[in-house]
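Structural overview
Residue-level listing of the chains:
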Amino acid sequence: MNKTNSFLTKAKSFLKKGTGIYLIVAFALMGIYALVMATPCAALLQYEDTIHFYDAIEPYNDGILYFALAGLFLALNYAVFRNHQRKVYYLSNFIYFGVALAFLIASIVYLFVAVSFYQAQYATLAFSDINAYFTKMGLEVSVNPDTPVFAFGYIIAVLLLLGFVALLLVLLDSIKERLAYEQRRKSGVSSQIQEAK
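Residues numbered from 1 in each chain as written. Predicted model: local features only at pLDDT ≥ 70, side-chain atom pairs only at ≥ 80, totals over all residues. Heavy atoms only, no water.

**Here we look at the side chain of Lys16**
- By secondary structure assignment, the location of Lys16 is in helix H1 (residues 2-36).
- Put simply, Lys16 is tucked away with no salt bridge, and the nearest opposite charge, on Asp173, sits 5.2 Å away.
- Among residues more than four places away in sequence, those in contact with Lys16 are Tyr78, Asn83, His84, Gln85, Arg86, Lys87, Tyr89 and Val170. (Helix = DSSP H or I, 4+ residues; strand = E, 2+ residues; numbered from the N terminus. Buried < 20%, exposed > 50% of the residue type's maximum accessible area, 1.4 Å probe, protein only. Lys, Arg positive; Asp, Glu negative; His and termini not counted. Salt bridge = Lys/Arg side-chain N within 4 Å of Asp/Glu carboxyl O. Contact = heavy atoms within 4.5 Å.)

**Here we look at H1**
- For H1, which comprises 35 residues, the first-to-last C-alpha distance of 49 Å matches the rise-based estimate of 51 Å (1.5 Å per residue) to within 8%.
- The axis of H1 is deflected most strongly, by about 40 degrees, at Gly18.
- Listing the buried residues of H1 in full gives Lys16, Thr19, Gly20, Leu23, Ala26, Phe27, Met30, Gly31, Tyr33 and Ala34.
- Each element contacted by the buried residues of H1 is listed here: helix H2 (58-80), helix H3 (91-123) and helix H5 (149-186). (Expected span 1.5 Å × (residues − 1). Bend = angle between axes of the 7 residues up to and from the residue.)

**A look at the nonpolar core**
- Membership of the largest hydrophobic core comes to 46 residues, with the highest contact counts inside it found for Leu111, Tyr118 and Tyr122.
- The set of elements that each furnish at least two residues to this core consists of H1, H2, H3, helix H4 (127-136) and H5.
- Here this core takes twelve residues from H3, the largest share from any one element.
- Tyr118 has contacts with Met37, Ala38, Pro40, Cys41, Phe53, Ile57, Val149 and Phe150, leaving out every residue within four places of it along the chain. (Core = buried A, V, L, I, M, F, W, Y, C linked by side-chain atoms within 4.5 Å.)

**Things to note about unusual backbone geometry**
- Here Arg82, not a glycine, exhibits a phi torsion of approximately 60 degrees, which is positive.
- Considering the arrangement of structural elements, one finds Arg82 in the loop between H2 and H3.
- Taking relative accessible area as the criterion, Arg82 reaches 29% and is therefore assigned partly exposed.

Written as C-alpha cells, this is what we have:
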C-alpha cells in the first residue's frame, strides 16, 4: 500500500511539474505547424487555375499561428503562477486553470476545423492535370496527393488534448488539496504559512 501511495505521490508531482513544459512544447509544435502547413500547396502558385488556392486557407493558417502564440504565452505563465510547486492553490491559480483549459478546448476545436477544411479543399485538386502541366512545362515541381501534413495537424490536436487532460488532472488534484487544507483549518489544526507557499 505504501508503494502505491509513493507511486501516486511521485506521479502527481511529475504531472504538476511537467504539465507546463509539455504545454510549451505542444503549442510550439502548433506554431511550427502553422508555418509549414502550406508547403504542399506552394507549387500551385505556378499553375494558373489554382494560383489563388491558398487564399481561402490562409485565414485558417493565420488563426492556427495566433492560437499557438497565445497558447505559448499561457503555457509560459504556468510557472509564473507557481502552479508547478504550490501545495495549496489560490484563486489566481484556479482562474489560470479555467482560462487555460477553456483556451485548450478552443485551440483543439479550431485546429481540427482548420485542418479538415484545408484537407477537404486539397482533395478537390486535379493532381494528375496539375502534375502533367508541370512536366509539360519542364518544371521540377509536383503536387503530392498523399501529403502527411494533415496527419501532422491532427497529431498536434491530439497532443493538445493530452495537455488538456494533464492540466485537468492537476486542477482536480489541486481542488482536492485545497479542500483538505480548508478542512484542516476549520478543525483547528495549526498550519504553517509555508504549507500554502
